[in-house]
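# Descriptive structure summary
The primary structure of each chain is shown beneath.
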Amino acid sequence: MRNIFILLLLSLTLFGSNVDKYAKSEGFERDYQTALLKAKKKNKPLMLVLGADYCPWCRKFERKTLSSDNVKSFLNKEVITLVVDKKFDKESFPKRFQTNITPKVFFINPYIGKDFYQTVGYIKKKDFLKKLEEMKTLYKGK
Amino acid sequence: MRYLLLLLLTYSLYAAGFWTLSGLDKANIYVVNKVDYLEASTVNIIRTKIKQTLEKESIKVNVQDAPTLMVSLEEIEGDETHYIYLKLELGEEVKTFRKDFTETFAITFQATDFIESDEQELDATVLESVDYLLAKFVEQLQEDKE
């Protein structure tokens, strides 16, 4: 029993390691409640990136779009970022943000906990920046 | 099967493919032909097409330890019609995210096409399909340069 538990724990650690590593290197939060509180405190929208470990588009979206200089500097300035795995983190974020399609990004108003803007699928950095500007305008007129 | 279904639910509205070809500056060419009726000159034309495509994209060819860009042609038997499965793949040594970061050979780009043709049109149809696959490769290359 003890061995099974250790094996399970080890496998969860291994599965979670890529998203943890990514979050750490890019300054993304991993816990929904912590991120929500931080967003409220800083009066910024919360950006929840929903991915999955089997999703190649998610990895590409992280590498090519979210980690690009322009997008990164926008995100650092304007939003609080959170990344979750739809399968392994499913208990840690509200079910209303669960989806079959990944990657999906929700921009959440931290005062009411509801999303006001979404993007779906891999988006090139240039197009994602446009969407971020749209999101910013929407949030300002909240 | 389940994995395939899940992959279908991960997608992009905007991009060529989930591959990443950034930093590709050299490649070797390999053609595997398992279609008996294809003329030898057609296989040579395929090699030339790949070479020209790579050079146009400033990718050096015939360099030691370079990734391999491969076209493979495989025939599925039919009565009088030829059914051919074409693959364009880039294979190279990569470092994995496994616990010991094992290095292994991996496919880092793939485009496929399935054609049917009668014997008279076979060579022309194959070359058309190779053009289509190379166009997909170039699209991916250019997108990753942006």
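## Quick notes on the environment of Lys95 of chain B
Residue and element names in this part refer to chain B.
- In this fold, Lys95 is placed in strand β4 (residues 82–95).
- When the C-alpha positions of Lys95 and Ala106 are compared, they lie 9.3 Å apart, and in sequence the two are 11 residues distant.
- Apart from the residues lying within four places of it in its own chain, the contact partners of Lys95 are Phe101, Thr102 and Glu103.

## Remarks on the pattern of salt bridges
- Enumeration over the complete set of coordinates arrives at 13 salt bridges over all chains.
- Notably, a salt bridge pairs Glu57 of chain B with Lys145 of chain B, separated by 3.4 Å at the nearest N-O pair. Within this pair, whereas Glu57 of chain B is found in the loop between α2 (40–56) and β2 (60–61), its partner Lys145 of chain B is found in helix α3 (residues 122–145), the two being separated by 88 residues in sequence.
- Here the residues in one salt-bridge network are Asp20, Arg30 and Asp89 of chain A, joined through shared partners.

## Considerations on helix α5 (residues 125–140) of chain A
- Over its 16 residues, α5 of chain A runs 22 Å from end to end, which matches the ideal 22 Å to within 8%, given 1.5 Å per residue.
- Buried residues belonging to α5 of chain A abut β1 (46–51), α3 (56–66), α4 (69–78), β3 (104–109) and β4 (114–120) of chain A.

## Quick look at the confidence of the model for chain A
All names here are of chain A.
- Mean pLDDT over chain A works out to 88, with 87% of the residues at or above the 70 mark.
- Per-element confidence in chain A ranges from a low mean pLDDT of 59 for helix α1 (residues 2–26) to a high of 98 for β3.
- pLDDT under 50 marks residues 1–16. Its contacts with residues more than four places away, or in other chains, come to three contacts.

## Some points on the nonpolar core
- Grouped together as the largest cluster of nonpolar side chains are 31 residues, with contacts concentrated most on Ile46, Leu73, Val126 and Phe137 of chain B.
- For this core, the elements supplying multiple residues, two or more each, are β1 (26–34), α2, β3 (68–76), β4, β5 (103–117) and α3 of chain B.
- With near-sequence residues (within four places) excluded, Val126 of chain B lies in contact with Leu38, Ile46, Leu73, Ile84, Leu86 and Ile115 of chain B.
- Ranked by size, the runner-up nonpolar core spans 26 residues in total, among them Ala23, Phe61, Leu66 and Val105 of chain A.

## Digging into the environment of Asp31 of chain A
Residues and elements named next belong to chain A.
- By the element assignment, Asp31 lies in the loop between α1 and α2 (32–42).
- On the basis of relative accessibility, which here comes to 35%, the residue Asp31 falls in the partly exposed class.
- At a separation of 2.5 Å, a polar atom in the side chain of Asp31 contacts the side chain of Thr34.

## A short note on the sheet that holds β3 of chain A
Residues and elements named next belong to chain A.
- The sheet built from four strands is open, its strands ordered β2-β1-β3-β4 with mixed pairing. Strand pairing shows two members of the sheet lacking a second neighbour, β2 (80–85) and β4, which therefore form its edges. Between one strand and the next, the sheet's axes are offset by a mean angle of 20°, whatever the strand orientation.
- Judged from the five bridges that link them, β1 and β3 form a sheet pairing that is antiparallel. Looking across to β3, one finds that Leu48 is bridged to Phe106.
- On top of the sheet, α2 reaches β1, β2 and β3; it is set at about 165° to β2, its chief contact.
- Along the sheet, α5 makes contact with β1, β3 and β4, crossing β4 at roughly 165°.

## Looking at the confidence of the model for chain B
- Put simply, chain B has an average pLDDT of 90, and 90% of its residues get 70 or more.
- Mean pLDDT across the secondary structure elements of chain B bottoms out at helix α1 (residues 2–8) of chain B, with 54, and peaks at α2 of chain B, with 97.

About the thresholds
- Residues numbered from 1 in each chain as written.
- Chains lettered and ligands numbered in written order.
- Predicted model: local features only at pLDDT ≥ 70, side-chain atom pairs only at ≥ 80, totals over all residues.
- Heavy atoms only, no water.
- Helix = DSSP H or I, 4+ residues; strand = E, 2+ residues; numbered from the N terminus.
- Contact = heavy atoms within 4.5 Å.
- Salt bridge = Lys/Arg side-chain N within 4 Å of Asp/Glu carboxyl O.
- Expected span 1.5 Å × (residues − 1).
- pLDDT = per-residue confidence, 0-100.
- Core = buried A, V, L, I, M, F, W, Y, C linked by side-chain atoms within 4.5 Å.
- Buried < 20%, exposed > 50% of the residue type's maximum accessible area, 1.4 Å probe, protein only.
- Polar contact = N/O pair within 3.5 Å; in protein donor to acceptor, adjacent residues only side chain to side chain.
- Pairing = 2+ DSSP bridges.
- Axes fitted to C-alpha atoms, helices over the stretch in contact; angles between N-to-C directions.

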